[in-house]
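Examining the three-dimensional arrangement
In case you want the letters, here they are:
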Amino acid sequence: MNSVAGVTLQGIKAFPVEIEVETTGGLFMISVVGLPDTAVREARERVRAALRSVGIKVKGRVAVNLAPADIPKEGALLDLPMAVGIACSQAGLKVKQPSLFLGELALDGRLRAVRGAVPAAFLAKEKNLVLYVPADNAEEVGLVEGVTAYAVPDLKSLLGHLRGESELGRIGRTMPADSVPPADPDLSDIKGQTVAKRALEIAAAGHHNILFVGAPGSGKTMLAKALQGILPPLSNTEMMEVLQLTSTAGIQMQNLRQRPFRSVHHTASAVAICGGGANMRPGEISLASRGVLFFDEFPEFSRDVLEALRQPLEDGYMTVSRAAGSVVYPAKVLMVAACNPCPCGYAGDPVEHCTCTPSAIARYNRKLSGPILDRIDLHVSVPRLTPEELVAIEGKCGETSAEVRKRVTAARKIQAERWEQFGFQCNSEIPERLLRRSANIKPEVKDFLLAAVNRVRLSGRGISRVLRVARTIADIEASPRIEIQHVSEALSYREGEVLSWMKN
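Being a predicted model, the structure only gives us computed values, none of them experimental.

1. Thoughts on the overall build of the protein
Of the regular secondary structure elements, the protein holds 22 helices and 19 strands. With respect to the three principal axes, the spread of C-alpha positions in the protein is 85 × 50 × 45 Å. Sequence separation of 24 or more characterises 74% of the internal contacts of the protein that already satisfy a separation of 6 or more. Placing the 61 positive and 55 negative side-chain charges of the protein at their respective mean positions leaves the two points 4 Å apart.

2. Digging into the packing of aromatic side chains
On inspection of all chains with the given rule, the structure shows six aromatic pairs. Plain terms: the ring middles of Tyr-132 and Tyr-150 are 5.5 Å apart, the flat faces sit at 20° to each other, and that makes the pair stacked. Of this pair, Tyr-132 sits in strand E8 (residues 130–134) while Tyr-150 sits in strand E9 (residues 148–152); the two residues are 18 residues apart in sequence, bridging distant segments of the chain. Each member of the pair, Tyr-132 as well as Tyr-150, carries the same accessibility label: buried. Between Trp-419 and Phe-422, the aromatic rings sit 6.2 Å apart at their centres with planes inclined by 50°, giving tilted as the arrangement. Trp-419 gets classed as buried once you look at its relative accessible area, which sits at 0%. Following the ring pairs from residue to residue traces out a cluster consisting of Phe-101, Tyr-132 and Tyr-150.

3. Some details on the environment of Asp-349
As for its placement among the helices and strands, Asp-349 is situated in the loop between strand E18 (334–339) and helix H14 (358–366). Asp-349 gets classed as buried once you look at its relative accessible area, which sits at 13%. Once the C-alpha coordinates of Asp-349 and Ser-235 are considered, the two residues, 114 residues apart in sequence, prove to be 43 Å apart. Beyond its immediate sequence surroundings of up to four residues, Asp-349 is in contact with Ala-215 and Arg-384. Looking at Asp-349, its side chain comes within polar contact range of the main-chain nitrogen of Val-351, at 2.8 Å.

4. Let's talk about the pairing of strand E11 (residues 210–214)
Of all five residues that make up E11, five are buried, and the element is covered over most of its length. Judged by which residues are buried, E11 turns out to be covered on both faces: Ile-210, Phe-212 and Gly-214 on one side and Leu-211 and Val-213 on the other are all buried. With five bridges connecting them, E11 and strand E19 (residues 378–382) associate as parallel partners. By the bridge assignment for E19, Leu-211 is matched with His-379.

5. Structural notes on empty space enclosed by the protein
Counting across every chain of the model gives one cavity of 30 Å³ or more. Each pocket or cavity is described by its volume, and for the largest cavity that value is around 30 Å³. His-207, Glu-238, Arg-259, Arg-290, Lys-332, Arg-412, Gln-425, Cys-426 and Glu-429 together form the lining of the largest cavity. A breakdown of the residues in the lining of the largest cavity according to their chemical character gives one nonpolar, two polar and six charged.

6. Observations regarding the environment of Gly-169
Within the fold, Gly-169 resides in strand E10 (residues 169–170). Along the sequence, Gly-169 and Gly-370 sit 201 residues apart, while their C-alpha atoms lie 57 Å from each other. The residues touching Gly-169, leaving out its near neighbours within four places in the chain, are Tyr-150 and Ala-151.

7. Considerations on H14
Among the residues of H14, Ala-360, Tyr-364 and Asn-365 are the ones counted as buried. One side of H14 carries all its buried residues, which in axial view fall inside an arc of 135°. Structural note: H14 exposes Pro-358 and Arg-366 on the side pointing more than 90 degrees away from its buried face.

8. Let's talk about the nonpolar core
In terms of nonpolar packing, the biggest core is built from 50 residues, with Ile-210, Phe-212 and Val-336 touching the most fellow members. If you look at the next biggest cluster of nonpolar residues, it comprises 37 residues, including Phe-101, Tyr-132, Tyr-150 and Leu-168.

9. Topic: the sheet that holds strand E12 (residues 261–264)
The strand order across the open sheet built from five strands is E12-E15-E18-E11-E19, with neighbouring strands paired in parallel fashion. Both edges of this open sheet fall to E12 and E19, since each of them pairs with a single strand only. Within this sheet the neighbouring strands show an average axis-to-axis angle of 20°, counted without direction. The pairing of strand E15 (residues 292–295) with E18 spans four bridges and is parallel. Paired with Val-292 across the two strands is Leu-334, which belongs to E18. Contacts from helix H7 (residues 194–206) reach E11, E18 and E19, with the element oriented near 155° to E19.

Criteria and thresholds
Residues numbered from 1 in each chain as written. Predicted model: local features only at pLDDT ≥ 70, side-chain atom pairs only at ≥ 80, totals over all residues. Heavy atoms only, no water. Helix = DSSP H or I, 4+ residues; strand = E, 2+ residues; numbered from the N terminus. Contact = heavy atoms within 4.5 Å. Lys, Arg positive; Asp, Glu negative; His and termini not counted. Charge placed at Lys NZ, Arg CZ, Asp CG, Glu CD. Phe/Tyr/Trp six-rings, centres within 6.5 Å; stacked < 30°, edge-to-face > 60°. Buried < 20%, exposed > 50% of the residue type's maximum accessible area, 1.4 Å probe, protein only. Polar contact = N/O pair within 3.5 Å; in protein donor to acceptor, adjacent residues only side chain to side chain. Pairing = 2+ DSSP bridges. 1 Å grid on protein atoms, 1.4 Å probe; cavity = no way out; pocket = protein on both sides within 12 Å on 5 of 7 lines; lining within 4 Å. Points joined across faces, edges and corners; volume = space filled by probe spheres on them. Nonpolar A, V, L, I, M, F, W, Y, C, P; charged D, E, K, R; others polar. Arc of directions from axis to C-beta. Core = buried A, V, L, I, M, F, W, Y, C linked by side-chain atoms within 4.5 Å. Axes fitted to C-alpha atoms, helices over the stretch in contact; angles between N-to-C directions.

The structure is reproduced here in structure tokens:
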């Protein structure tokens, strides 16, 4: 009996699976045990045909055990190790070094790319194993430093390499480019909306959630899309985290340094956004981790979806629990939400007349609960542009995204240096106890804040979020202490006409 190692996925982690193969006499049959899913069970036909294509005819009763037996195995990752295990059992093949194999087999022996190659590379590096992956996964595996890996085009090449008859190409280190594509749209392409642009800069600098409220056509979606262009490039640590998530989901990153931007339609289910399903998959909130998650028409999402966002927005991770176990996905997302002020969209509009009844507006407002609004740091009104602003076609409209990104990057660097000893990167991640102890607040600010709290109805969480935003505004100005003007500006994003959502 021979043993070969493969992997299965648990969240964004790869878990080693030992492939045990036993061949006995009798009529031909391949049985797979060890909690395989449908894709793993169907691998029997792919493996048999692929082995026949390289001259190995499987005979007798073949038992394949996937150990440990109490962990579910899913996907086509185990095709290749099962084929190698059967070749060891029936063709005298020997695997001389501790190795990990993964890949989906075609019937003619070719190897197809699989999801999960990056988590498998981290596992191989941790266990000091040699990794064999499909050639199409070679580029992403090369991003993991310190792993010994080979690109395998087909089963014949792999068997030749293991027998010492030929050599596979070793995967070299892939160095990601440091550049990011130009912002699209650029902030300078957006007419007017000075307050909204300032709020975007603060949101990008401190990783704060933001809500845009305005009439149809006022530019809310364009502002949300411009946010990606003013965010700093991903650091190496952040890039590896995003790479594990995209590899687990089978998504290819277009630019390794660009932060993710995911836009969700309001018909999306809670599973699609939070993750889970029959086979565990990360949801949109995890795929947008370290980047932007955009909810257009925010009140049109189902109540279950909106309420499910409360825990990950607060904690920065998403725990998905099922009867078979639970997994944890990162969810350090910058949420941008956009909505109209009423069902017809023109409440408070100086030009169009609102046709909604008071009861219709009340029902619309009740779609967003106080707790979910309390987790949004910046509430920004996006007014209709004037006719003069709309017809202006010449020149740029304010600063470019590149200019704003420089200030955002400088502010994030200040935050990273301040919170590095505590394991945080941005002001939005700071726990309340740490915030009040280390945020460096001037004494007179406390009196100002007390007077403001008596005027604006804020919860304890709301006060903490105001202080985090004030800390970010101070960082943008490179101020070591939080001044009254910083708190005053932060409070302006929690009161005014936009705050009427929470008062109805």
